[in-house]
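# Per-entry structural report
Residues per chain are reported as follows:
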Amino acid sequence: MKKHVKNNVNWVGYIDWELETFHGDDYSILNGSSQNAYLIQEEKNVLIDTIWTPHRFDFVENLKKEIDLNKIDFIVANHGECDHSGALTALMDLIPDTPIYCTAQCVKSLEGQYGQRGWKFNIVKTGDTVEIGNGKKLIFIEMKMLHWPDSMATYLTGDNILFSNDAFGQHFAVEELFNDKADQCLLYKEAIKYFTNILNPFAPLITKKLDEISALNLPIDIIAPSHGAIWRQQPMQIVEKYAQWANAYQENQITVFYDTMWEGTTKIAHRIAEEIHQQSPQTVVKVFNIAKADKNEMMTEVFRSKAIAVGSPTVSNSILSSVAGWLEFLKQLKFKGKRAAAFGCYGWSGESVKILQERLRDAGFEVVDQNVRSLWNPKPADLDAAAPLVSALLA
Ligand code: FEO
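Throughout, a residue's number is its position along its own chain's written sequence, starting from 1. It should be noted that, the model being predicted, local features are given only for residues of pLDDT at least 70 and side-chain atom pairs only at 80 or more, the latter also being counted only at that level, while totals for whole chains, interfaces and linings use all residues. Heavy atoms from the whole structure form the basis of all side-chain values; hydrogens and water molecules are not counted.

### Looking at the domain arrangement of the protein
Taken domain by domain, the protein comprises domain 1 (3–245) and domain 2 (253–394). Between the C-alpha centres of domain 1 and domain 2 there is a distance of 39 Å. Salt bridge, as used here, is a side-chain nitrogen of Lys or Arg placed within 4 Å of a carboxyl oxygen of Asp or Glu. Our count for the domain 1 to domain 2 interface comes out at 3 salt bridges. We note a salt bridge from Glu297 to Lys193, for which the minimum N-O separation is 2.9 Å. For this analysis, a polar contact is any N or O atom pair within 3.5 Å, provided that within protein one partner can donate a hydrogen and the other can accept it, and provided that sequence-adjacent residues contribute only side-chain to side-chain pairs. Run the count over domain 1 and domain 2 and you get 10 residue pairs in polar contact (both at pLDDT 80 or more). For the side of domain 1 that touches domain 2, the elements supplying multiple residues, two or more each, are β5 (27–28) and α5 (184–199). The element contributing the most residues to the side of domain 1 that touches domain 2 is α5, with 6 residues. Residue ranges assigned to the domains are those given by an automatic or database domain assignment. Secondary structure follows DSSP: runs of H or I at least 4 residues long count as helices, runs of E at least 2 residues long count as strands, and numbering of each begins at the N terminus.

### Looking at a nonpolar patch on the surface
Within the patch definition used here, like charges are joined within 9 Å and nonpolar side chains (Val, Leu, Ile, Met, Phe, Trp, Tyr) within 5 Å, considering only residues with over 30% relative accessible area and no salt bridge. Throughout, the Shrake-Rupley method with a 1.4 Å probe supplies accessible areas, and for residues the shown protein chains are the sole cover considered. A cluster of nonpolar side chains, Trp348, Leu375 and Trp376, forms an exposed patch at the surface whose accessible area comes to about 430 Å². With respect to the element layout, Leu375 can be found in strand β22 (residues 372–375).

### Structural notes on the sheet that holds strand β2 (residues 9–11)
Here 7 strands make up an open sheet; going across it, the order is β1-β2-β7-β8-β9-β10-β11 and the pairing mixed. Strand pairing shows two members of the sheet lacking a second neighbour, β1 (3–6) and β11 (121–123), which therefore form its edges. Pairwise comparison of adjacent strand axes, ignoring direction, gives a mean angle of 25° for this sheet. Pairing between strands is defined by DSSP: at least two bridges between them are needed. Two elements, β2 and strand β7 (residues 38–41), share 3 bridges in a ladder whose sense is antiparallel. To obtain an axis, a line is fitted to C-alpha atoms, over the contacting stretch when the element is a helix, and the angle between two such axes runs from 0 to 180 degrees between their N-to-C directions.

And the structure:
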């Protein structure tokens, strides 16, 4: 069922209450999500994006209730990823001659996924416009690598709506659609998780893009992303947050991450947490077992942190596979300006701390030399090494 956005703009997307994971199993969905598509009905009728493949037939049937499909003048594909283009195939089977406005890279991604189907692409780039009647036009803004090479935003003059696609989105199901109607805690929790896990690798580009959008001097009344709530109340609040998040963001938080075999490394983790609080009572301290906690939630806690401590026992001359996989993900997200320390127990060879330090350095962290490395179960003297480790993280 459509939802009214503003004047002749309606939301025609899909609220995905049941979704549990995204990008395969690489992104946990804890509060539902949505794929937002929009229908603009001025003198020209324009569809902005579609929805994910599994819901394509529902999408087309719902769209038919709103408009004779043959009256859609053109489609804007802001991004080729299948959560926004998956329903195109079913739709284009019914209206194969309808032009698709998108970037040159988007043609590549659509044809790469769905094959060459003879679709009529109109390739656009930043600053290109198209009149849609009633004095309104669409302005296209390339959003290269935010987060795919093909990404684009579309701005609707007159109504001052920025259809931003993935940027400013959240994996968050909001039946009421708008940010002012959403649970504010969850809205920001999901927005920062989305930024951390999907956009942070491209943070330097975001800073440049925000400057470029602001130089266009376009009044923005509504930011309508392709996932989650639409920002209609103080829409620039999320732009301001993005400016902060894209600039080596950190809060006064230190987070301890570890996995353990026989609880020795757990004891060190807990001692480090106590020591952080003792040395800096105003610092927020959190502790997570890497094998048990949600990896995307943990990465969001890394993003909030000014420093992290990571622990693993030595196993087979290396570290636990849970920690190794987690460190690979950590590296992908390209965090900036954060310190890190390593700790772990061992029984004989004892390489884990050195390996952790190397991997953390490789992931872009400033790694302190101070560590806690304990032969067998940690003894009081081993745990005393938590104090200089924490001092180094706080320095
Ligand atoms: Fe929501 Fe990059 O797709």
